[in-house]
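# Survey of secondary and tertiary structure
Below, each chain spelled out in residue letters.
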Amino acid sequence: MKDLTQSDISRQNILNNGYALEQIEANLSLGGTYWNDEAIFTKTQVAELLDIDERTIDRYIESNNEELTKNGYRILRGPELREFKQVLVNDMNVVDIAKVPSLGVFSFRTVLNIAMLVTESPKAKIIRSKILDIVIDVMKQKSGGHTKYINQRDEAYLPSAYKEYSYREEFTNALDDYLEADQWKYGKYTNAIYQIIFLENAAEYKKVLNLSKKDKARDTMYAEVLNAIASFEHGLSVEMKQESERLGRKLTARELDALIIKASKNPYLEPHIHDARAKWQAEICALEMRCTKS
């Protein structure tokens with residue numbers, strides 16, 4: 001199941017597992033429009049969710065029509081379409097479809113299917129990762145194991161993960177663009193941010209939570225923690241750009257260290273950092289309770 005974009009068997013193994021689908025839907029807040037007792041998505045909604053062009057979705061529908069149709073994609077016409085239009089009347093996020101004679105719609109299962117196929121979307125990649133985490137978690141629960149990524153059951157988790165992913169990319173780009181060459185810069189400055197927020201570096205964070213080398217620390221973090229990291233990374237990226245442009249050159253490591261210290265004392269970031277630390281301490285306590293019960 002490691003590469004869902006390449007394996008139709010792996011995709012179908014998940015999409016045919018009713019219990020896994022229930023858990024995925026309960027843990028991922030993807031939105032949609034509730035109609036006839038299920039979440040239904042228009043092409044516009046799916047495009048916004050995955051942050052891709054609607055034409056990209058059209059290409060995937062054309063090249064994977066049989067698979068997507070089998071997993072819930074369908075065309076509404078006539079009475080069904082009129083009924084669905086009535087549901088959408090008050091939905092300001094849906095493009096005006098009053099005059100369209102037919103409309104392709106996606107069930108939650110179909111949206112997962114699309115996310116498993118699309119290779120152009122970072123958001124689709126995140127969803128695939130979460131799908132696999134939840135499926136593995138379901139398998140562990142069925143075999144009497146314990147859930148590792150309970151944070152991902154928070155409805156605010158996925159939007160925060162999207163935001164943090166985007167700001168993380170912005171931050172690593174800023175390190176490339178505005179900092180003098182440093183072979184270890186990504187790990188070094190990730191540790192610097194962790195030290196400020198958790199008072200621990202990345203390695204110690206993983207050690208405290210008993211994570212393996214393959215586990216990604218950020219996959220275990222709650223929305224409050226991801227928001228704090230995203231805010232810090234975004235603010236630091238902006239400061240790096242402004243200072244580099246002011247100086248007319250890239251920053252030295254010492255100059256970036258000074259910006260990090262300045263950012264750590266920013267009164268606007270302080271509430272986020274305190275919230276993140278509180279959630280981090282709660283996570284440690286919960287882990288200790290689970291270990292004690294085990």
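What comes next concerns the included structure. (Residues numbered from 1 in each chain as written. Predicted model: local features only at pLDDT ≥ 70, side-chain atom pairs only at ≥ 80, totals over all residues. Heavy atoms only, no water.)

## Some details on the packing of aromatic side chains
Considering all chains together, one arrives at two aromatic pairs under this definition. Summarising the aromatic geometry, the rings of tyrosine 73 and phenylalanine 106 are spaced 4.9 Å apart at their centres and angled 50° between planes, so their arrangement reads as tilted. With tyrosine 73 in the loop between helix H5 (65-70) and strand S3 (74-77) and phenylalanine 106 in strand S4 (residues 102-107), the pair connects residues that are 33 residues apart, well separated along the chain. What makes tyrosine 73 buried here is its relative accessible area of 12%. The exposure class of phenylalanine 106 is buried, given its relative accessible area of 1%. (Phe/Tyr/Trp six-rings, centres within 6.5 Å; stacked < 30°, edge-to-face > 60°. Helix = DSSP H or I, 4+ residues; strand = E, 2+ residues; numbered from the N terminus. Buried < 20%, exposed > 50% of the residue type's maximum accessible area, 1.4 Å probe, protein only.)

## Some remarks on the pairing of S4
Among the six residues in S4, five count as buried, and that is most of the element. Where strand S2 (residues 38-42) meets S4, three bridges bridge the pair, whose relative direction is antiparallel. Of the residues in S4, the one forming a bridge with threonine 42 is valine 105. Across four bridges, the pairing between S3 and S4 is antiparallel. Following the sheet pairing, arginine 77 is matched in S4 by serine 102. (Pairing = 2+ DSSP bridges.)

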